[in-house]
Structure formats: structure tokens, C-alpha cells
Amino acid sequence: MTNFPTLDPELAAAVTMLPSLDFGDVPSARSTFTSLLDAMLADLSMGGVSLRELTVPRLDGAPDVAVRFFTPEQSDGPLPVLVWIHGGGFAIGTAASSDPYCVDAVRELGFAVASVEYRLAPETPFPGPLDDCYAALEYIHSHADELGLDPERIAVGGQSAGGGLAAGTVLRARDEGVVPVAFQLLEIPELDDRLNTVSMTEFVDTPMWHRPNAILSWQYYLGEFYSGPDDPNVSIYAAPARATDLAGLPPTYVATMELDPLRDEGIDYAVRLLQAGVSVELHSFPGTFHGSALLATAEVSKRGHAEALDALRRGLRLRVPAS
């Protein structure tokens, strides 16, 4: 791996302990990620948080969508909710991989989180995964009363490929005009299949995620008929960076990492949202790389996590806890 002089010293000290995910071998990448997940979840405490599994029916013959629904054990009144979409390059990961994030968010903010178990590529290319996420969003909105939720305070968020799916879901919600999304949270989002930014071109061997994996992830997600970056038929819901009209989208928080091939597409999306009149908060964290938040004890990781939660607090108009 190339030496990166600006890499945060705390992250540099631990980077060799992180797994190498080879998207050229999806079963192996999934196995590696599952092993990492098992270690992450081994000591997870659910204290103060209730979890139940929701089943979202589909009307088009597709399988039902499973949603992991987290709520505080004690709460008053209808709760705001975050519809959360896990990362994994469209091809690996599970909703359970986000359990630590979801549990922490519920504890810290006192709201609900609905974590979506969408189908993975390459077995299910676009639009399948996006359809699953949108079906979960519609279900949460239409069943808000019985779930104890506030239908006017729904956020959609995700990390990495989940950030791309979140952006696509929110674009579709705007266009269909059924679910009023109040806020979107896009963390290190994967948004652009064209792969032509400076960061995507230069970062070919960065930790955890790099250009070769990105190329494969888009090929898996867009399916066998995808002809490459010049393909004119790629939907804006699949690759939100292709959208030319970003007006009317909800207030947005975008986080990018300095040494991440996805950095520039996230920054560009945030700037174009601003230019379209959308209220945006953009943070690009120095010395970090894609997935460096897995090293949760590093100061920059703790800062990134706290700032994202604070953005959700403001975006969903949550009460600040008494000091």
C-alpha cells in the first residue's frame, strides 16, 4: 500500500489490522466482512433499546423486506425516525452490521431507527436494492401511527453504498411526492458510476476501499446490461450524481474522508445541492479513509460520529437533553 503522509497517526497505527476486501471474489469478501461483524457484535449491549423485526410486504411479487426497528425502551409521544441503509459496496453487508450505530443513535437521540435489509448485488442488481429501501420508507410513513412515529419527521441516511441508496431513495421520494422526507444524512456516499473525479482516479490502493473495488461494485449493482461510465441509460436513482435537478430535496448532511476515492463525488454532490437551494452541512474529515470509523476509539472517528448525531438532532428538531 502507498504511504499516505496525511494519514491520521491514530489511524495509521491500526490500519494494518483492518481486513482487505477483494470485490473480485464476492463470497470471500462477504466471509471476511461477516467475521469482522461477528467481532463487532460480540459485546454489543442493547440496554435501554428495544429491537423488533418488521416485515415490509411488496406488491410487485418481490420478496418481503426485513427491517430492524430500534426504539427507546422509554419514550413519550410520536418518535422521529431515521430510515438507515447499511454500506458494503452494494454487494456485502447486512442490516445487522449497523446495529452498533443504530443502538447508539437511539440511546443518544431518543428517536427510532429503521434499518433496512435490502437485497444485494450482483444477485439482485438495480432497481431491486433501491426498491427495497423505498418500500421500507413508504411502509414507515404509512404505518407511522401504529409504530408510534411522527410521519412529518422522517430522515433517510446511510453510509458508503448505503449513502448512495439513501440519496437515490430521497430523490425518488421527492419525485413521487408521497413521503415527505425531512432530512438526509449521507456519510461517505457512493454516488457516481462514472468514476472520473480526482480522488477516484488517484486512490487505487487506499485502505478498505479503492478504485478497483469501486469499479466492480458499480458493475455488480448496475447489472449485465450496464455498458460503463458512458451508458446513457443509468437511472439517477441508481447513481444520484447523474441527477441534473436537485431542487426540492430536504436539508442534508454530507461527510467525506480525505483519503477516500469517494471523497470528491460526495463534495460535488453537496455543492450542487447548495447551488440548487438546498440547505447543506458538509464535513470532510482530514487524515481519514473510507471505513476508518471502524476504528471507533480514534479521536477523529469520535468527532465524526458525534457531529453526524448532532446533525440528525438538528435536522429532526430533537430536544437537546438537559445537562
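Summary of the structure given here. All chains use their own residue numbering, which begins from 1 and follows the written sequence. Confidence filtering applies because this is a predicted model: local features only for residues at pLDDT of at least 70, side-chain atom pairs given and counted only at 80 or more, and all residues used for totals across whole chains, interfaces and linings. As a rule here, side-chain values come from all non-hydrogen atoms in the structure, and water together with hydrogens is ignored.

Description of the layout of surface pockets
Only protein atoms enter the 1 Å grid, on which a cavity is a set of points fitting a 1.4 Å probe that cannot get out and a pocket is an open set with protein on both sides within 12 Å along at least 5 of 7 lines, lining residues being those with an atom within 4 Å of a point. Grid points are joined across faces, edges and corners, and a volume is the space filled by probe spheres set on the points. Volume-wise, the largest pocket comes out at about 1200 Å³. If you trace the largest pocket, you find 43 residues lining it, with Met40, Gln159, Gly291, Ala293 and Leu294 closest to the centre. Here the element with the most residues in the lining of the largest pocket is helix 10 (residues 299-315); it accounts for five residues. Three classes are used, and their members are as follows: Ala, Val, Leu, Ile, Met, Phe, Trp, Tyr, Cys and Pro are nonpolar, Asp, Glu, Lys and Arg are charged, and the others, Gly among them, are polar. Of the residues that constitute the lining of the largest pocket, the class distribution is 23 nonpolar, 16 polar and four charged. In DSSP terms, a helix is any run of H or I states spanning at least four residues, a strand is any run of E spanning at least two, and both are numbered starting from the N terminus.

Here we look at the side chain of Asp264
Here Asp264 is to be found in helix 9 (residues 263-275). For each residue, the accessible area found with a 1.4 Å probe, counting protein chains only, is set against the maximum for its type, and the residue is called buried under 20%, exposed over 50%, and partly exposed in between. For Asp264, a relative accessible area of 18% puts it in the buried group. For Asp264, the contacting residues outside a window of four places in its chain are Thr197, Val198 and Ser199. Any pair of residues with heavy atoms lying within 4.5 Å of one another is described as a contacting pair.

Focus: the pairing of strand 7 (residues 252-259)
Most of strand 7 is tucked away: seven of the eight residues are buried. One ladder, built from seven bridges, connects strand 7 with strand 8 (residues 280-289); its direction is parallel. Residue pairing for strand 8: Tyr253 is matched across the bridge by Glu281. In short, DSSP must find at least two bridges between two strands for them to pair.

Comments concerning unusual backbone geometry
Residue Pro122 is reached from Ala121 by a cis peptide bond, and omega for that bond is 0 degrees. Here Pro122 lies in the loop between strand 4 (112-117) and helix 4 (128-142). Each neighbour pair has its own omega, and for Phe126 with Pro127 the value is 15 degrees, a cis peptide bond. Tracing the backbone through its elements, the reader meets Pro127 in the loop between strand 4 and helix 4. Unusually for a residue other than glycine, Phe90 sits at a positive phi of about 70 degrees. Summarising the element assignment, Phe90 is placed in the loop between strand 3 (79-85) and helix 3 (99-109). Even without glycine at this site, Met208 takes up a positive phi of about 70 degrees.

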